[in-house]
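# Observations on the three-dimensional arrangement
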Amino acid sequence: MKDPSLGTDAEAVIRQYAGMVYRLAFARSGRKEDADEIFQEVFLRYVKKRPDFESEAHCRAWLIRVTINCAKKLWQSPWRRRTVPLEEEPAFESQETVGLYWELKRLPPKYRQVIHLYYYEDLTAEEIGRLLHRKSSTVRTQLTRARALLRDFIKEEENV
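This one's a predicted model, so the numbers in the text were calculated from it and none came from an experiment.

So, how was this worked out
- Residues numbered from 1 in each chain as written.
- Predicted model: local features only at pLDDT ≥ 70, side-chain atom pairs only at ≥ 80, totals over all residues.
- Heavy atoms only, no water.
- pLDDT = per-residue confidence, 0-100.
- Helix = DSSP H or I, 4+ residues; strand = E, 2+ residues; numbered from the N terminus.
- Expected span 1.5 Å × (residues − 1).
- Buried < 20%, exposed > 50% of the residue type's maximum accessible area, 1.4 Å probe, protein only.
- Contact = heavy atoms within 4.5 Å.
- Phe/Tyr/Trp six-rings, centres within 6.5 Å; stacked < 30°, edge-to-face > 60°.

Within the protein, residue pLDDT values average 81, and 78% of them lie at 70 or more. Ranking the elements of the protein by mean pLDDT puts helix α4 (residues 78-81) last with 55 and helix α2 (residues 32-49) first with 91.

We now examine helix α6 (residues 109-120). With 12 residues, α6 should cover 16 Å at 1.5 Å per step; its first-to-last C-alpha distance of 15 Å lies within 8% of that length. Buried within α6 we find Y111, R112, Q113, V114, I115, H116 and L117. Just beyond α6, the residue with positive phi is D122, at close to 55°.

With that settled, consider unusual backbone geometry. Non-glycine residue D122 carries a positive phi angle of around 55°. Positionally, D122 belongs in the loop between α6 and α7 (125-132).

Moving on: the side chain of T67. As for its position among the elements, T67 is in helix α3 (residues 56-76). Classification of T67 by relative accessible area gives buried; the value is 0%. Not counting residues up to four positions away in its chain, the partners in contact with T67 are V21, L24, A25, I38 and V42.

With that out of the way, let us pick up the packing of aromatic side chains. According to the stated counting rule, one finds six aromatic pairs in the structure shown. A ring pair is formed by Y46 and F53, whose centres lie 6.4 Å apart and whose planes are at 15°; its orientation type is stacked. The class of Y46 is buried, set by a relative accessible area of 8%. Measuring from ring centre to ring centre gives 5.7 Å for F53 and W62, while their planes differ by 55°; the resulting arrangement is tilted.

Right, dumping it as structure tokens:
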């Protein structure tokens, strides 16, 4: 049954940004179940607050920031600190994508986060810096270091 209080505007925003929020939640959590929980929390906050945005870019930035905050909250929960996650692999279209997923997962979270926002969400270093409350020069350094680590990981795999 459809909730009458959920307006068409909210439905349109959810439809438009669902993929972005879920990808970022999964990139931050690494588990489907946690990504589902984060996804639900982000859009629940959106529906409850009904924020009024100046532009599409502002809406997108708000959703990214809330997704990051919800993921951070999940990682800091006492329950999370006492559990050991099961390794799982999402369905991918190619073996190359599977390999990239595991290499990205090896990156420290601060590097994985900037890589995701830069390459998958097409944000600039300046936009990422504003969202993560970091200097854009810090973001560019983290991108450079993340790329170097990925190159090292790939070289390791080739030598094995």
